[in-house]
Amino acid sequence: MRPWTTTIVVLAWFLLAGNASAGTLRVGVAGPLSGPSAILGKQIEAGARMAAEVRGTEIRTIDDACTAAGGAAAAREFAAAKVNVVVGFLCTDAIEAALPILKDADIPVITVGVRTESLTDRRAKTGWPIYRLGLRGDDERNAVAAILTRLWQNELFAIVDDGTIYGREMAETFRAAAEQAALNPVFVDTFRPQLDNQIGLIGRLKKAGATRVFAGGDGDDVAIMGRDAGQLDAGMVFAGGEALRAPLGDVPYAVGTLMIAPPEWADVADPKVLQSFAAQNIVPEGYTLPAYAAVEIAKAASALAQSSGEKLTNALTGHDFTTAIGPIRFDEKGDLTQNPYRAFRFDGARFVPAESQ
């Protein structure tokens with residue numbers, strides 16, 4: 001074969017290969033696949049791979065090591081590979097280092113786990129093409145304030161916290177929201193955490209007339225308060241945040257205890273998707289289902305962009321996406337338009353959705 005003929009054949013092969021993959025979405029998957037958070041990175045990888053198989057997309061998975069250096073290196077590899085979108089990221093350092101590089105490459109990012117509020121709050125200034133499928137850092141305390149202010153508007157309620165930043169921020173956000181709604185707690189205080197009993201605190205709450213109590217703190221403390229209130233026949237219902245989902249010690253929660261938390265994704269996921277996970281012996285826990293949903297969103301947004309002629313980044317904003325974990329919509333900043341936190345009630349065995357939301 002003559003040299004110029006060989007050149008034509010090679011060029012033709014590349015052209016055909018390019019045309020064959022022109023309509024295939026290329027998704028970069030970033031997560032910690034090494035180090036102490038590797039188990040979470042593997043969840044992202046498993047979920048994204050499952051969705052890619054179903055949706056007909058190509059994926060390229062890179063370990064960001066949960067570090068700035070790892071995030072920057074991953075972003076450069078994604079840019080070189082010309083992926084259309086990146087999903088994943090769990091660590092602030094990694095994604096903050098990656099975003100400027102991905103912005104220059106015009107590659108949007110759907111993060112499934114970084115809660116740092118400033119990532120999206122600064123979007124107008126940074127121009128970072130980020131969309132947060134995971135939760136914001138302030139989603140929990142805002143949900144506590146909104147839900148309990150509504151549920152307890154006709155109740156005598158108290159607000160206590162354990163003095164930690166976590167507990168105090170939730171307590172203060174709830175107190176401020178109640179004040180704006182013209183509701184005043186009958187008792188506000190800081191309690192000593194990790195005690196064997198909270199009899200003294202329950203006595204003060206009972207004297208104040210409280211029948212509903214929000215406790216910003218750990219689940220063990222809330223469980224002990226519920227037990228002691230029952231022993232004193234105080235007639236109180238306790239509520240806490242997502243910390244109540246952590247494994248408990250020897251004291252169970254009192255029946256009726258409220259937890260403000262996001263749903264367990266496996267409880268609300270599409271049964272067919274769960275069946276596909278089971279068929280491959282993949283446990284749909286942690287970030288597995290959100291990663292699956294992120295690839296679904298990327299695929300749907302890509303189709304929108306192709307049909308409308310707009311950029312993929314623009315297609316991700318202001319559209320409803322049907323996913324394995326329910327409908328998803330991003331606002332102009334890239335955050336979820338609906339706070340996923342809900343009220344759950346302990347029925348004696350587990351937390352179930354509360355009847356009134």
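Along each chain, residue indices are assigned from 1 in the same order as the chain's sequence is written. For a predicted model such as this one, the threshold for reporting local features is a pLDDT of at least 70, and the threshold for listing and counting side-chain atom pairs is 80 or more; totals across whole chains, interfaces and linings nevertheless cover every residue. Side-chain numbers come from the whole structure's heavy atoms, not from hydrogens or water.

*Asks:* So what's going on with the pattern of salt bridges? Residues and values would help.
*Replies:* Only one rule defines a salt bridge in this text: a Lys or Arg side-chain nitrogen within 4 Å of an Asp or Glu carboxyl oxygen. All told, the structure shown has 24 salt bridges when counted by the stated rule. Lys 333 is paired through a salt bridge with Asp 121; the nearest N and O atoms lie 2.7 Å apart. Of the two residues, Lys 333 is situated in the loop between strand S12 (326-329) and strand S13 (342-346) and Asp 121 in helix H5 (residues 118-121); the sequence distance between them amounts to 212 residues. Judged by its relative accessible area of 32%, Lys 333 falls in the partly exposed class. Residue classification places Asp 121 among the partly exposed residues on the basis of a relative accessible area of 38%. Taking the shortest distance from any N to any O, the salt bridge between Arg 329 and Asp 320 comes out at 3.1 Å. Here the residues in one salt-bridge network are Asp 121, Arg 132, Arg 136, Asp 138, Lys 333 and Asp 335, joined through shared partners. Note on conventions: DSSP H or I runs of at least 4 residues are helices, E runs of at least 2 residues are strands, and numbering of each starts at the N terminus. For every residue, the accessible area obtained with a 1.4 Å probe (protein chains only) is divided by the maximum for its type, and the residue is called buried under 20%, exposed over 50%, and partly exposed between those limits.

*Asks:* Now, about helix H9 (residues 199-208): what can you tell me, with residues and values included?
*Replies:* If you check which residues of H9 are buried, you get Leu 201, Ile 202 and Leu 205. An end-on view of H9 places all buried positions within 100° of arc, on one side of the element. Throughout, a contact is declared for two residues whenever any of their heavy atoms are within 4.5 Å. Against strand S6 (157-161), strand S7 (187-190), strand S8 (212-216), helix H10 (219-231) and strand S9 (237-240) lie the buried residues of H9. The directions considered for the arc run from the helix axis to the C-beta atoms.

*Asks:* Give a description of the state of the cysteines that names residues and reports values.
*Replies:* Whenever a pair of cysteine sulfur atoms sits within 2.5 Å, that pair is classed as a disulfide. Counted by the stated rule, this structure contains one disulfide. Residue pairing for Cys 66: its cysteine sulfur links by disulfide to Cys 91, the two sulfurs lying 1.7 Å apart. Because the sign of the S-S torsion sets the handedness, a value of about 45° for the bond joining Cys 66 and Cys 91 places this disulfide among the right-handed ones. Of this pair, Cys 66 sits in the loop between strand S2 (58-63) and helix H3 (68-81) while Cys 91 sits in the loop between strand S3 (85-88) and helix H4 (92-104), and the two are 25 residues apart along the sequence. The residues Cys 66 and Cys 91 share a single accessibility class, namely buried.

*Asks:* Describe the packing of aromatic side chains, and please don't skip the residues or the numbers.
*Replies:* We describe a pair of aromatic rings using the distance from one ring centre to the other and the angle between the two ring planes. Stacked, edge-to-face and tilted labels apply to pairs of Phe, Tyr and Trp rings (six-membered ring for Trp) whose centres lie within 6.5 Å, assigned for plane angles under 30 degrees, over 60, and everything in between, in that order. This model, assessed by the stated rule, comprises nine aromatic pairs. Judged by centre distance (5.7 Å) and plane angle (70°), the ring pair of Tyr 253 and Phe 346 falls under edge-to-face. Residue Tyr 253 is located in the loop between S9 and strand S10 (258-261), and its partner Phe 346 is located in strand S13; the two are separated by 93 residues in the primary sequence. The two residues Tyr 253 and Phe 346 agree in class, both being buried.

*Asks:* If you had to explain the sheet that holds strand S5 (residues 130-132) to someone new, which residues and values would you point to?
*Replies:* For two strands to be treated as a pair, DSSP must find no fewer than two bridges joining them. In spatial order, the strands read S2-S1-S3-S4-S5; together these five strands make up an open sheet with parallel pairing. Edge positions in the sheet fall to S2 and S5, since each has one partner strand and no second. Along the sheet, successive strands turn relative to each other by an average axial angle of 20°, direction set aside. To define axes, lines are fitted to C-alpha atoms, for helices over the stretch in contact only, and angles between the resulting N-to-C directions are given on a 0 to 180 degree scale. Together, S3, strand S4 (109-111) and S5 form the strand contacts of H4, whose direction differs from that of S4 by roughly 160°.

*Asks:* Please set out the confidence of the model for the protein residue by residue, giving values where relevant.
*Replies:* Within the protein, residue pLDDT values average 92, and 93% of them lie at 70 or more. For residues 1-22, every residue scores under 50 in pLDDT, and the model assigns this stretch four contacts once sequence neighbours within four places are set aside. Per-residue confidence from the predictor is given as pLDDT, running between 0 and 100.

*Asks:* Break down the sheet that holds strand S14 (residues 351-353) for me, with residues and values.
*Replies:* As summarised here, the arrangement of the seven strands in space is S7-S6-S8-S9-S10-S13-S14, forming an open sheet in which the pairing is mixed. The sheet is open, and its two borders are formed by S7 and S14, each paired with just one other strand. Between one strand and the next, the sheet's axes are offset by a mean angle of 25°, whatever the strand orientation. With four bridges connecting them, S6 and S7 associate as parallel partners. The residue bridging Ala 158 from the neighbouring strand is Phe 187, located in S7. Those strands touched by helix H7 (residues 139-151) are S8, S9, S10 and S13, and its axis lies near 140° from that of S10. Lying on the sheet, H10 is in contact with S8 and S9; it crosses S9 at an angle near 175°.

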